[in-house]
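# Commentary on secondary and tertiary structure
Each chain, written out:
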Amino acid sequence: MNEDIRIHSWPCSYYLDSSKQWVSGRLSLTPLGIKFTADKTGELLVDFHLSAISEIKKEASNLIFSSLTILEKSTKHWFSSLQPNRNVVFNILEHFWREQLLESRGAGAEGGALRTTKGQELTGMLVGSQKRLEDTAKVLHYQGEQFDNIMKGLNKIEGDMDVADRLLTELESPSWWPFSSKLWKTPLESKAKETAVVSEPKNQEGIIIRIPVIITHRTDSNVKPGKFTLFASGLEISDCNSQVIHRFESKDVDDIRVHTPYEISVRQRFIGKPDTSYRLLSAKMPEVIPILEMQFSKKMQFLEDALGFVGARKSPQLDLGTSIWQAATGLLGGVVAPGSPSGSREGMDKEQVQLQQHEKVSQEEAKELKQILKKLKGLALETEAELERQDEALDSISSSVDRATLTIDKQNRRMKRLT
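Residues numbered from 1 in each chain as written. Predicted model: local features only at pLDDT ≥ 70, side-chain atom pairs only at ≥ 80, totals over all residues. Heavy atoms only, no water.

Per an unreviewed UniProt entry, the recorded name for the protein is Synaptosomal-associated protein 47, and the organism is Campylorhamphus procurvoides. Database annotation for the protein, UniProt heading Sequence similarities (unreviewed entry): "Belongs to the SVAP1 family." (UniProt positions renumbered as here; feature names shortened; annotations may be inferred.)

Quick look at the structure:
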């Protein structure tokens, strides 16, 4: 992700200690740091990494009201006249600062090595790919359940049409026809079968991903921290205490706008009353956007500041697991055994050759990578099989709908003749 992406910026004043005066300008937040640029001179007066921050506080004194202070190592930076207000800026800065701290601690706990080895890089890449494939499988599984429910509904409709067809036949039969009593017994049998089908328990849906977010409702200037949960059947926004603020079912979502790689807005339109819209900002949003794009592909809109993000990962979602599995398998073979045929295939570029010459993957890392690759291959095959099954289900649904339409037309004509 580009470090120069501007997540947010706010007009404010900064206390310049060298000249003992307040300077108007803009406070900017990037994925990794904080900057302040003066309006008049355009000079960059503040520029430091989020990991260098030790404290963010809301402070006030006799001379300074409604100020925000950021303690960077031993330097205390004062910001005032924040727009739209101090609380908005504080909540957003604190969110990204805490997420940066969590990432730093996680990276430190994983290993004390000064430099990440190529095996660790490959492991991280494959673990991320495995997570995305698992999320994809959850969504596809839910879609498959929906197709199954549709098929059950269509089967019920076909059963009802059979009953209606027999009733019409009874009405069309002469009064002296001796077999009318047998025709009336079949609806009871069909109803018993339908009841058995409907009584099947409904599977509970699982959570695909949940992240901490900063929530803005419609055009309100106030923001508050909360959680954003993505299910296979919809989206859910809740506060810090896990109390649901709003839930969007998949059919209720009219559009999802990606403003930046870290900020989206979800909207449901209404006629005659205001739309329901929430704006969500999170340091973890880049992990969620690919899943949203797969689940709501026709409803996603990437705005200008987010076009670079979508272009940077333009590989098709469905080929993700297979392509990474193939690439990593070849790379692993070359790194573990540079002299083997798998490491000297034709068409291998110079970077891979240099990698094989200078770095090797340890036996433990290679063993872990092979296990992950095995899981990835299995997930990719399961995903492919599920897609094929859903294609067959769609064809079957289409055929059933065509048959039902023809049957309804025939029954309508018969009803007209009877009336």
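## Comments concerning the packing of aromatic side chains
A full pass over the atoms with the stated rule returns 6 aromatic pairs. Summarising the aromatic geometry, the rings of Tyr14 and Phe79 are spaced 5.1 Å apart at their centres and angled 40 degrees between planes, so their arrangement reads as tilted. Here the residue Tyr14 occupies a position in strand 1 (residues 8-16), and Phe79 occupies one in strand 7 (residues 75-80), the gap between them amounting to 65 residues. Take Tyr14 and Phe79: they sit in the same class, and that class is buried. With a centroid separation of 5.9 Å and an interplanar angle of 65 degrees, the aromatic rings of Phe96 and Tyr262 are classed as edge-to-face. Highlighted residues: Phe96 in helix 1 (residues 86-110) and Tyr262 in the loop between strand 12 (255-260) and strand 13 (263-268), separated in sequence by 166 residues. Accessibility assignment for this pair places Phe96 and Tyr262 in one class, buried. The rings of Tyr14, Phe36 and Phe79 are connected pair by pair, giving a single aromatic cluster. Geometry around Phe90 places Lys58 over its ring, the cationic atom sitting 4.8 Å from the centre. (Phe/Tyr/Trp six-rings, centres within 6.5 Å; stacked < 30°, edge-to-face > 60°. Helix = DSSP H or I, 4+ residues; strand = E, 2+ residues; numbered from the N terminus. Buried < 20%, exposed > 50% of the residue type's maximum accessible area, 1.4 Å probe, protein only. Lys NZ or Arg CZ within 6 Å of the ring centre and 35° of its normal.)

## Side note on the sheet that holds strand 4 (residues 44-49)
What holds strands together in a sheet is hydrogen bonding between their backbones, with the strands either parallel or antiparallel. One open sheet holds the 7 strands; their spatial order is 4-3-2-1-7-6-5, and the pairing between them is antiparallel. Bordering the open sheet on either side are strand 4 and strand 5 (53-59), each of which pairs with just one other strand. Each neighbouring strand pair of the sheet contributes to a mean axis angle of 30 degrees, computed without reference to strand direction. As defined by bridge partners, strand 1 adjoins strand 2 (residues 21-29) across 9 bridges and the pair is classed as antiparallel. Across the sheet, Tyr15 pairs through a bridge with Trp22, a residue of strand 2. (Pairing = 2+ DSSP bridges. Axes fitted to C-alpha atoms, helices over the stretch in contact; angles between N-to-C directions.)

## A look at the pairing of strand 12
For strand 12, the tally of buried residues reaches 5 of 6 residues, placing the bulk of the element in the interior. Pairing geometry for strand 12 and strand 13, over 5 bridges, is antiparallel. Across the sheet, residue Thr260 finds its bridge partner in strand 13, namely Glu263. Hairpin connection between strand 12 and strand 13: a loop of 2 residues separates the two successive antiparallel strands. In the sheet, strand 12 pairs with strand 15 (residues 300-302) via 3 bridges, with the strands oriented parallel. Paired with Val258 across the two strands is Phe302, which belongs to strand 15.

## Notes on unusual backbone geometry
Looking along the chain, the bond that leaves Gln83 and enters Pro84 is cis, with omega of 10 degrees. Structurally, Pro84 can be placed in the loop between strand 7 and helix 1. In this structure, Ser242 is a non-glycine residue whose phi angle is positive, near 65 degrees. Classification of Ser242 by relative accessible area gives partly exposed; the value is 44%.

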